[in-house]
Amino acid sequence: QVQLVESGGGLVQAGGSLRLSCVASGSIFTINDMAWHRQAPGKERELVATITRGGSTKYADSVKGRFIISRDNGKNMAYLQMNSLKPEDTAVYYCAAYVFIRTSYTGMNYWGKGTLVTVSS
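Going along each chain's sequence as written, the residues are numbered from 1 onward. In view of the model being predicted, local features appear only for residues whose pLDDT reaches at least 70, and side-chain atom pairs are presented and counted only at 80 or more, with totals across whole chains, interfaces and linings using the full set of residues. In computing side-chain properties, one takes all heavy atoms of the structure into account and sets aside hydrogens as well as water.

Draft legend 1. Broad picture of the overall build of the protein. Helix and strand counts for the protein stand at 0 helices and 11 strands. By the criteria applied, helices consist of DSSP H or I runs no shorter than four residues and strands consist of E runs no shorter than two, each listed in order from the N terminus. Ordering the α and β elements of the protein from the N terminus gives β-β-β-β-β-β-β-β-β-β-β. Whether a residue is buried, partly exposed or exposed follows from its accessible area with a 1.4 Å probe, protein chains only, as a fraction of its type maximum: under 20%, in between, or over 50%, in that order. Buried positions account for 42% of the 121 residues belonging to the protein. The contacts in the protein between residues at least 6 apart in sequence include a share of 57% that link residues at least 24 apart. To be clear on the numbers: accessible area is Shrake-Rupley with a 1.4 Å probe, and residue cover counts the displayed protein chains and nothing else. With an accessible surface of roughly 6400 Å², the protein has 51% of that area assigned to carbon and sulfur atoms. Under the convention used here, Asp and Glu are negative, Lys and Arg are positive, and both His and the chain ends fall outside the count. To locate a charge, take NZ of a lysine, CZ of an arginine, CG of an aspartate or CD of a glutamate. The centroid of the 13 positive side-chain charges in the protein is displaced by 6 Å from the centroid of its 8 negative side-chain charges. Contacts: residue pairs with any heavy atoms within 4.5 Å of one another.

And the structure:
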């Protein structure tokens, strides 16, 4: 009923920047919190940043001051601007969103399939 699709990943040198995008589509009534998570090879998935519908944000300590999460409620999109990238930022980045479905007005968390970010040293 709801799909999340990430884009914008790729290969970048250390110190560079990338901007990830996430678009939600389907039978959407409204979207509450949106978030970016990441999973590096051999590691558990970790929360990178969250944003409420009203625009309040939180970040993992490892990305504070370097990453910026934003969203466009009208387009059902979230973004992650990643600056000063480090090799340790290499991971698959996943978008997540708490979505209320139009048909039933029930909410649940949905995930995208991820986009790979590789930072070379």
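Draft legend 2. Focus on the packing of aromatic side chains. Two rings belonging to Phe, Tyr or Trp (six-membered ring only in the last case) form a pair when the distance between their centres is within 6.5 Å. Interplanar angles under 30 degrees mark stacking, angles over 60 mark edge-to-face geometry, and anything in between is tilted. Per the stated rule, a full pass over the model turns up 2 aromatic pairs. Ring geometry for Phe29 against Tyr105: centres 4.8 Å apart, planes inclined by 85°, an arrangement best described as edge-to-face. Here the residue Phe29 occupies a position in strand β4 (residues 28–39), and Tyr105 occupies one in the loop between β9 (91–101) and β10 (107–111), the gap between them amounting to 76 residues. Residue Phe29 is classed as partly exposed on the basis of its relative accessible area of 48%. Note on Tyr98 and Phe100: the rings are 5.5 Å apart at their centroids and 70° apart in plane angle, and the pair reads as edge-to-face.

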